[in-house]
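Here is what each chain is made of, one letter per residue.
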Amino acid sequence: MSVQRERTEWVPDGHEFALCLTHDIDRPYKTYQSLFYALTRRDPSHLLDIAPSRTPYWTFDDLLDFEREQGVRSAFYVLDEQSLFTDRSPREWLTMTGWQLYAGRYDIEDERIRDLLETLQSGGWEVGLHGSYESVDDRERLRSEKAHLESVLGEPVLGGRQHYLRLERPETWEHYRAIGLKYDATLGSPTEYGFTDGYRPFRPFDDDFVVFPLTVMEAALPDPAASFDQAWAACASLLDEAEANGAVMTVLWHPRYFSHDHPGYGRLYRRLVRAALDRGAWVGAPGELYTACVGTR
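Counting of residues starts from 1 at the beginning of each chain's written sequence and follows it residue by residue. With pLDDT at 70 or above as the cut-off, local features in this predicted model cover only qualifying residues; side-chain atom pairs require 80 or more to be listed or tallied, and sums for whole chains, interfaces and linings still use all residues. Calculated side-chain values reflect all of the structure's heavy atoms, with hydrogen atoms and water omitted.

On to the pairing of strand S2 (residues 75-79). Extensive coverage of S2 is indicated by the burial of five of its five residues. Whether a residue is buried, partly exposed or exposed follows from its accessible area with a 1.4 Å probe, protein chains only, as a fraction of its type maximum: under 20%, in between, or over 50%, in that order. A helix here means a DSSP run of H or I that spans at least four residues, while a strand means a run of E at least two residues long, and both kinds are numbered starting from the N terminus. Covered by surrounding structure in S2 are Ala75, Tyr77 and Leu79 together with Phe76 and Val78, the residues of both alternating faces. For two strands to be treated as a pair, DSSP must find no fewer than two bridges joining them. Strand direction decides the pairing type here: strand S1 (residues 18-25) and S2, joined by four bridges, are parallel. Looking across to S2, one finds that Thr22 is bridged to Ala75. With five bridges joining them, S2 and strand S3 (residues 126-131) adopt parallel strand pairing. Its bridge partner being in S3, Val78 is matched across the sheet by Leu129.

What follows is the structure, encoded as structure tokens:
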């Protein structure tokens, strides 16, 4: 397949490249992080966030307002993870790994989460599956998580991404395809950014199942709080490369990175989206691009 044909296949008419926006909903509430940041940053003000009335990681209202104003939509991948104290062994309760993986999670059936999902659906955002930590090689767990999410949504999901970017190639993709998902957006790095896995989505099984390589996760960029100009230069360089190669550039910004705990990342995201639009890019969710380019058959 020629480069021009690939470009035409994945970049909608009238655009030179595409920017896919994604958000993994890992921890919408600040819980044990209050103590962690109070100790590691030597800032006791973080302890104030323990109060139930304070929800600094619930950044969805501002995020959706921004995307709505720009006329774009993104994908939100929803995690149906086990809870440390109700689902895991007591042996894990006092381990750092147990707290990191399973503490502070959320129930997708909680009223506030349901309301959020309804807002996303009714507003045209994509809701996808964020496969749990242990589901990477467990087809039945993935199937159960997908079915649970779809029962809450009342409609099927098109694709998703694995938690912590855990991926076994091609087994995880085989599981996705077997349970009815049409795409995966896991392939990428939490510490490095770039078009390492190509400029466009690809079909690992030569059928309608598609992989969207992850170009950049926010945490892999230079810290914008330390040097915003350096962080923006990295983003601008990626946009330059995407435009020059007719690429599909996929980005991941966790909602908590729009909070005051991670200064500069919200500003960086807003500038990235506006810059892509100014360059004439197609900007939206992977599921939207998949439907436009492949269909839902």
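Moving on, we come to the pairing of S1. The element S1 is extensively covered by neighbouring structure, given that eight of its eight residues are classed as buried. The side-chain alternation of S1 yields two buried faces, one formed by Ala18, Cys20, Thr22 and Asp24 and the other by Leu19, Leu21, His23 and Ile25. Where S1 lies against strand S8 (residues 248-252), five bridges are found, and the strand directions are parallel. Among the inter-strand pairings, Thr22 is bridged to a residue of S8, identified as Leu252. Here S1 runs beside strand S9 (residues 282-284); their pairing, made up of three bridges, is parallel. When the sheet's bridge partners are listed, Leu19 is paired in S9 with Val283.

Once that is clear, we can look at the pattern of salt bridges. By definition here, a salt bridge exists when the distance from a side-chain nitrogen of Lys or Arg to a carboxyl oxygen of Asp or Glu is within 4 Å. This model, assessed by the stated rule, comprises 13 salt bridges. In this structure, Lys146 engages Glu150 in a salt bridge whose closest nitrogen and oxygen atoms are separated by 3.0 Å. Note that Lys146 and Glu150 are positioned in helix H7 (residues 139-153) at a spacing of four residues, about one turn of the helix. Each member of the pair Lys146 and Glu150 is classed as buried. Where salt bridges share partners, they join Glu9, Arg203 and Asp208 into one cluster.

Turning our attention to the packing of aromatic side chains. Only rings of Phe, Tyr and Trp enter the pairing, Trp through its six-membered ring, and a pair is recorded when the two centres are within 6.5 Å. The plane angle decides the type: under 30 degrees is stacked, over 60 is edge-to-face, the rest tilted. Applying the stated criterion across every chain, the model contains twelve aromatic pairs. Ring centres of Tyr183 and Phe212 lie 5.2 Å apart, and the angle between their planes is 75°; this geometry places the pair in the edge-to-face category. A residue pair is termed long-range when its members are at least 10 positions apart, and Tyr183 in strand S5 (residues 183-184) and Phe212 in the loop between strand S6 (210-211) and strand S7 (216-217) qualify at 29 residues. The pair Tyr183 / Phe212 is uniform in exposure class, with both members buried.

Here an axis means a line fitted to C-alpha atoms, over the contact stretch when the element is a helix, while the angle between two N-to-C directions is reported on a 0 to 180 degree scale. Close contact between helix H3 (residues 60-70) and helix H10 (residues 265-278) brings their axes to 11 Å; oriented N to C, the two are set at 15°. Relative to H10, the element H3 lies roughly parallel. Between H3 and H10 lies a crossing of right-handed hand. In contact with Asp62, Leu63, Phe66, Glu67 and Gln70 of H3, H10 contributes Tyr269, Arg270, Val273, Arg274 and Leu277. Note on residue categories: nonpolar means Ala, Val, Leu, Ile, Met, Phe, Trp, Tyr, Cys or Pro, charged means Asp, Glu, Lys or Arg, and polar means any other residue, Gly included. Here the residues of the contact of H3 with H10 sort into five nonpolar, one polar and four charged. When describing relative orientation, an angle under 35 degrees is termed roughly parallel and one over 145 degrees roughly antiparallel, while 65 to 115 degrees is termed roughly perpendicular and anything else oblique. A crossing counts as left-handed when the near helix is turned anticlockwise from the far one by less than a right angle, and as right-handed when that turn is clockwise. Contacts are assigned to residue pairs that have any heavy atoms within 4.5 Å of one another.

Another aspect to go through is the nonpolar core. For our purposes a nonpolar core is just a set of buried Ala, Val, Leu, Ile, Met, Phe, Trp, Tyr and Cys residues, chained together by side-chain atoms within 4.5 Å. The biggest cluster of nonpolar side chains holds 62 residues, and the ones touching the most others in it are Leu117, Trp232, Met249, Trp253 and Leu272. When residues in this core are grouped by element, the largest group, nine residues, is from helix H9 (residues 228-245). With 16 residues, the next largest nonpolar core counts Tyr183, Ala185, Trp282 and Ala285 among its residues.

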